[in-house]
Structure formats: structure tokens, C-alpha cells
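Descriptive structure summary
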Amino acid sequence: MSAEQQHRDGQAADPGPRSLAQALRERDDASLGALLRSRPDLLHPVPTDVTQLATRAGTRASVLRALEHLDRFALQAAEALAVAPDPASYQELLDLLAGDDGDEEVAGALPATVALLRERALVWGGEDRLRLVRTARELLAPSASHSSPTGLGPSVAEATSGMSPGRIQAILTAAGLPHTHDAVSAVAALSALFADRARVAELLEGAPEASREVLGRLVWGPPYGQVTAEPAAHLRWLLDRGLLLPTTPGTVVLPREAALSLRGGRAHRVPEPTRPQVAVAAERKPQVVDAAAGGQALAALDTVEELLRSWDEGGPAVLRAGGLSIRDLKRTATVLEVPEPVAAFWVELAYAAGLIASDGGYVEEHHDRHDRPDADAEGYEDEETRDARTRRRSGEAEHYAPTPEYDAWRDLPPADRWAWLLEAWLPGTRTPGLIGGRDGRDRTLSALGLGLDRSPAPEVRRRVLELMAELEPGQAPDPATLLERLRWERPLRSAGPRREQPEPPRAGVRPAYGGGVAANDPEALRTKLTEWALLEAEMLGVTGRGALATHGRALLGTEGRSEGAGAGAPAAGSARATVVAALLAPLLPEPLDHVLLQADLTAVAPGPLVRPLAEALGVLADVESKGGATVYRFTPGSVRRALDAGRTATELHAFLDRHSRTPVPQPLTYLIDDVARRHGLLRVGAASSYVRCDDESALDEILADRRATALRLRRLAPTVVAAQADPRTLIEGLRAMGFAPAAESAEGDVMIARPHAHRTPPRTPPAPVPDGPPAPDATLLTAAVRAVRAGDRAATAPRKDTPEAPGGLPRTSPADTLATVQAAAMTGESVWIGHVNAEGAASQRLLAPLRVEGGYVTGYDHTADEVRTYALHRITGVAELAEEADGAEPAR
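Residues numbered from 1 in each chain as written. Predicted model: local features only at pLDDT ≥ 70, side-chain atom pairs only at ≥ 80, totals over all residues. Heavy atoms only, no water.

Let us now look at unusual backbone geometry. Most peptide bonds are trans, and most residues other than glycine sit at a negative phi. Backbone torsion omega between H44 and P45 reads -5°, so that peptide bond is classified as cis. Inspection of the secondary structure puts P45 in the loop between α3 (29-38) and α4 (50-57). Residue P87 is reached from D86 by a cis peptide bond, and omega for that bond is 0°. Locating P87 in the fold gives a position in the loop between α6 (72-83) and α7 (90-98). In this structure, L601 takes a positive phi of about 65° despite not being glycine. With respect to the helices, strands and loops of the structure, L601 is situated in the loop between β12 (596-598) and β13 (602-605). Overall, L601 belongs to the partly exposed group, its relative accessible area being 23%. (Helix = DSSP H or I, 4+ residues; strand = E, 2+ residues; numbered from the N terminus. Buried < 20%, exposed > 50% of the residue type's maximum accessible area, 1.4 Å probe, protein only.)

In this section: the packing of helix α24 (residues 457-469) against helix α25 (residues 479-489). Two elements in contact, α24 and α25, have axes separated by 11 Å at closest approach and are oriented at 120°. When the axis of α24 is compared with that of α25, the two are oblique. Relative to α25, the crossing made by α24 is right-handed. Across the interface between the two elements, V460, R463, V464 and L467 of α24 pack against L482, R485, L486 and E489 of α25. Residues of the contact of α24 with α25, tallied by class, amount to five nonpolar, no polar and three charged. (Axes fitted to C-alpha atoms, helices over the stretch in contact; angles between N-to-C directions. Parallel < 35°, antiparallel > 145°, perpendicular 65-115°, else oblique. Left-handed = near helix turned anticlockwise from the far one by under 90°. Contact = heavy atoms within 4.5 Å. Nonpolar A, V, L, I, M, F, W, Y, C, P; charged D, E, K, R; others polar.)

Glancing now at the pairing of strand β19 (residues 720-723). Two strands pair when backbone bridges link them, and strand β17 (residues 689-692) and β19 are joined in this way by four bridges, in the antiparallel orientation. Within β19, the residue paired with V691 across the bridge is V721. One ladder, built from four bridges, connects strand β18 (residues 713-717) with β19; its direction is antiparallel. Paired with A717 across the two strands is V720, which belongs to β19. Linking β18 back to β19 in an antiparallel pair, the connection comprises two residues. (Pairing = 2+ DSSP bridges.)

On to the sheet that holds β13. The strand order across the open sheet built from four strands is β12-β13-β15-β14, with neighbouring strands paired in antiparallel fashion. Edge strands, defined here as strands with exactly one partner in the open sheet, are β12 and β14 (622-625). Adjacent strand axes in the sheet meet at a mean angle of 30°, parallel and antiparallel pairs treated alike. Examined bridge by bridge, β13 and strand β15 (residues 630-633) share four bridges and lie antiparallel to one another. Bridged to V604 within β15 is V631.

Following this line, the structure appears as C-alpha cells:
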């Protein structure tokens, strides 16, 4: 027995429900919960009863969202129902999708697809009366101005609705049909002619070749064409026989029935009932993949640390409109030694992780205005916003800087730091790849600026990882087939036939990161989001050599946060992050506490260094190259930097001797001693500035040097020279002349140059902008279904006729109200009450009173499915249930 026969046999012979509300009311709790899970927007707020649920499920916004979450074949089935008769039978739908020749794949996939459309409340009705929700039909059906997504136009009846009866009779005559007595039967006869494949073929046998070419161009859509006031002979032939019907002046359309006959009954040129398979581009050993991903994860941590270290004393200024300037992004890219789009990615990742922010709250102020709708009517401003305004008025510039969370992040083990970053990356909606592009107002999108949120980004990012996880460990997917699979799962609904898709990434060709995308091109955005997800996963170490690593698979597991997790420590509180960190930790090398000193004044760190050693070595030497091993070079300037920071030559010798696995080279010892011997010989202070030195010959040498002319030096005493330059300029000038001056305080003490870390006030990381409400959990679904059922039982319970107050509420006198509820409490019966709350909102409740005392009635409210107490003076009246409701009263 075929799949469609089994589907038909499993359906009841009755015509089914008469409305969507009735269809939902007949569902069991599991089916109703499945609807609310697949369409979470129906839960906000929870519907009071099934009728309200059905009404909400048919609204335009909700139906649009539901259509956007269908796969391609489910959307094709909905599009076919939109051009089918209303209602349509299952066989008619199958014929539209499979065509006259049939299609086994379509026939096998259609029952599950119809069940999916029923589950999501887009289709209802019995087997022989399938109905598409009215709003969905309006969205997907053709109109006089545009075709349906199938490429079909309006039917003969719709296209001839404004045509004169005489013109319709003339078309019948030209088509070889007999005259009729009225326009309705004439339209029916013409529709029957075009729906008959054999008769259409016979009619076209006598058509000019040019006429058949015109039909060939229109048959798969769009079905509209332009004609002049005096059409050519081959067009006149089609117009006379109704194969082209006028819609607006100068525009004609190929009727739907004729197009279906020419298509062989298919609503779509290529039905796609089967999801495309993701092909394997390369296969490697899982151990190789994990090792490569671990190396990338370590490199990602180094890059983020380098970024934050470079901004430690205060980063770039915030643009007036928010964000980072192009010049500052270029400087950051130079520091990180990466292209600018990649630098923008790391900056945005650190921002999303809560590690950097604006120190004045300028960007946050814009977010506050968008996220807090009640904040602006009375001029509300929080403390941070007021501080930001004060700083702008005083002319103090705002800068980006690390947040206090950076210090907590820096102290975590490497695997936990990486998990912290991934907890920000996976659900984030900010899309760094857009930076450099243009928004809808043709403004450049800047890093850390507004306009970078794209709600589909997390779904695409996560789905890419899920599809990679479906492959065997070590297998790398082909990007083109991965993109095609995503397009099948989430096709973009359009008002016409599917257009050509953007060029997918080719296997073996690594696309460049960034580049932006047109603001009004959602398909190009979907393609770019897929490419960016693959590249970002590789840069972060989620994948290695194109395949998903073991710790990357764990990202798709548990997402809950453990109890007691702090708001500012996402990695420390996430159960998923704990698992991921545990899997990654063995792949990361242990930090080293030693380096290898070489005779060419370099030190080689064969791996990552422990933090105190890395920080001290970063002051004493300059980084010459990075990679698997970092090379540091000692120079006079770097040694002088360490001496300026308060280290002595003895301490530097001891430090190198303690942390070097090789003997300290003699050239390095001489370099330190030589710089230390001259360091501090000259003292610079503020006069504008001055130089003092116990060695008069050293001052004589300085005054005689032509390079000192710009400093405008003047001798005040044998050991003191005054300058017109400020101390910093004077120190730099003397160092350029080969001296090693030291700055001194007003008391004459040597000033130690230590960096002063700059931190922003506590900041909250940017919240993702979700694509609709979040998916409900099991607890919420159970409570929602229970509330809807209770409200529906209450709403459908009949009541006796009583006088009504405005709004349909029962109306009785206070004495009658009290007497009725007291009687109901004694007999255990339920009654209808009208209630007006303190805000003046009126509602009807089905109440089973339990006790009446002190001016209040307490009872089981069937509408709310809970025990509630109501003030008697707020009850407008009471109505008893009708006699036929007795015995069918809802259970308490």
C-alpha cells in the first residue's frame, strides 16, 4: 500500500471541523503543546481560551513567522494549497505537487508534510476539505499585481471578474465553445476547457509558433506581460481565445488553469521533497582535527589578550554616533597583525563577552533608549547616562577600555577563558562581517557601533555546527552543499517564483572574512552568515582543518546555567561551558615558567608562558615574532623600559638567571650593565623642565650637540640646565641623542614609569536581539495548555439568560448577587460572574464558590484554573449555568 493510500485510509470520512478553533479544540494536550512549542509567539501572553488561540494563530504577523520557519517542501505544499480550490482534497494537493506523471518521492513525503502544517495550525480541515489559514492564503495566493511564489497567476474567474459579458462570449466563440446564457456559466466553461490537458493541446495545435513561444516564456512565471493598444497577430490570437486575459491597461496574464495544463499539472517546476545531503569535502583523523582546533583556540586567546593589553591604559575614542573609527580599527589590526575585518571580529567578540566597553556609556545610552521604552516620556536618565552627558559637556572624551570583568577573565585557566568567549559567540546577534558595509540609510557600519544586530545569525551559526556534527568525526563538509541544506531548511518566502541564488562558496576556495552585504538582500545575508560562521568557528578553534572538533560538538549539548552563577561570569556558570572547557583543556599546552636565552640577544619561549613571566618579559624585551614559539629581542630601549619600571640591574640579572634554561649570554649581561650604568645619570624635572647632572662634562656635551637646539637649553648652574620643552619631550630628545635620562619628582626622587590600567565602570554585555520570543520550556508549555483548556471550558459553558451590563457582563442587584453565590457555595454549583478589577478592566469568570465572608467570595475559578478571591462590590452580577450544562460542569 502506498504512503498516500495509508494517509487517506487513516483519515475519518467526515468533513472534519468547521473552523480552526474547533480543530484546535479537538486536539489532545500533547498536540496543543507541540503547536505552542513550534510557534512560541502564540504564548505571549497566554491565550485565555482556544478561540483566542485560533484568532492569534491567524494574525498576519504570526502566520508570517510560521511560514518563515517551514522547510522548502512544506512551504511548497502551502503554496500549492494557496492556488488550489478552497477547500481542496488531499488528492488535489498531491496532483499539484506531483503533476500528471506522479512522483514517488513527493507522494512519500507529503503525508508527513501535511501533518506538519496541521501541527503548526497553518492547515485545518478533514481529508477531503483541506483548508489553508485565510491569512496564509492571502500571503501566498496570486493577485492582480503579482503572481504567487509558484509563478501561477489568477484563475479565469478572478481574471475575468471585471470583463463584460459580451467579451467573454466572444472568447468562447474563438475558443470553439458554444454560447451560454450568462457570464457565470461562460467562465465555468472556459475554466473547464483550460483545465483539460487534451483540449488545451488540441487548441494549441493551430496556434502560430510565436504564440507558443510567448506561452513558453510565461508558463513558469511570472505570468504577466505587457501589450500595446494594437497587439501583434500572435498576441491577438492568444487574447481572442482567452489564453491571455487583461488585468490592467496594457498588462495581460496567463490564466492559472491554462498554465497548469501547460506545466503538466505541477504547481512548481522542481518539487523538493527530500532534504539535500551535506557532502564531505575532506576526511582527516579526529586526533589531527582536535590538535589543530586546540592550536587555534590558543591563538584566539592570545589575540584577545593582545587586544585587551593594548587597550589596558585606555583604548580608542568613541565616535560621536557610537563605534570605532576606521583609523582606530586600522591601528588595532596593525597591533594584532591581522586584516581589518578579522580585527573587527575580535573587537566585537571581546565586546560581546563583556570584556571591553565605553568608559562613558555613550554607546550604552543608545542601547538603553531602544531597550527601555518607558524611559523617555518623563525624561528619565540613569546614573550612567547622566555621567556620560556631564563628560560630554565638559569636553572629556570617551574611550573604549577593558571592563572589570577582564581582570576576572584573565585569572581563569585558558580553557575556561576560551569557553567564556564561546558562550558570548554562539548566541550573539551582533554580526562583525557587516562592518564596512552600508545600512538601510546608506551609512557606514562601524565596529562597536549600532546596526550590527542580525537576529538570524545565532540560528544559522548553530545550525551550521549541528550539520557538521551529523558527519562522522574528522569529516569536513563541502560549504556549497552545507549552504544548500540551510536554504532548504529555511527558504526565504517571496512574492514570486524563486530567483537565482547567490553564488555559494566553492570547495577548496577560502572566502575572505567581512566585506559587508546589501541591507535589502536577505538571501545574500543568509549566504554570508553561513560563510562567516564557518570562518569564525575556524578562527576560534571550534573546528580544526574544516571539521568539527570534539569540544566543538560539546557546544551543542547542555545549555543550562548552574545555580549561583554570577551574571558577569558566563563561562563559570554554564554547565555547557564546564563540559567544553574540560574537553579542551588536554589540547592546550601547559604554561611554561622558562625561556631559552640565545647569544643574539633574543629569548625563545617554546610555548605559552605563565602570566607573571610573560608580563615581566614583555617589559624587558620586545616581541619579534609569534607562532608556535614566541621570540623576544632585548634592545637598549627595552632594557631601559625595565629600569624605568623600577627594576635594578641586579634584579634583571637574577630574573634572567632564574627563568632561563640556557646560560645567560655574555652580550646580554653587558647590555644590561651598560644601560644601567648610564641610566639615571641625567635627571629631568619640571621648570618648564630641567636637566641636572653631577658630571659637568656630560652637560657640556649636551649643550654642544646640534640636536639639542630644538630643546632650547640654557645652563643655570654647573650641574643644572633648563629647557623650554616639557619633561616628556626633553627625555625623548636626550634619548635620541644617545643618553639615558631618568625622570625625577619634585622631591628629587627617581620616578618609576609603571603603566596605569584603565577600567570602565561595571558594564553589562550587549544582549542578543532575538528572532521572536524564546522557545518555551516544558513547565511553561504544561501550564499554558492547562490554562487554555480551563479557559475554554469556562468560555463554552452555557448560562441562563439574565440582564446584561455594558460589555455583556451579567447584571444583578447586590442582594441577589450575595444570595446566589451563597447558595452556590452550599450546593457546590458553579456560576458565571461579571467582574471589574481595580484598573477598570471587565471580564467574565466561571466560579465555583467555596466560601462567602467579609465582603469577599473565594472559589475555584475555572477560567484561570486556580482558587481566587473576589470582592463582592466588584462583581457586576451573577448568572446560573443553563440546565443542559448540569452534569457537564468542569471538574474542580
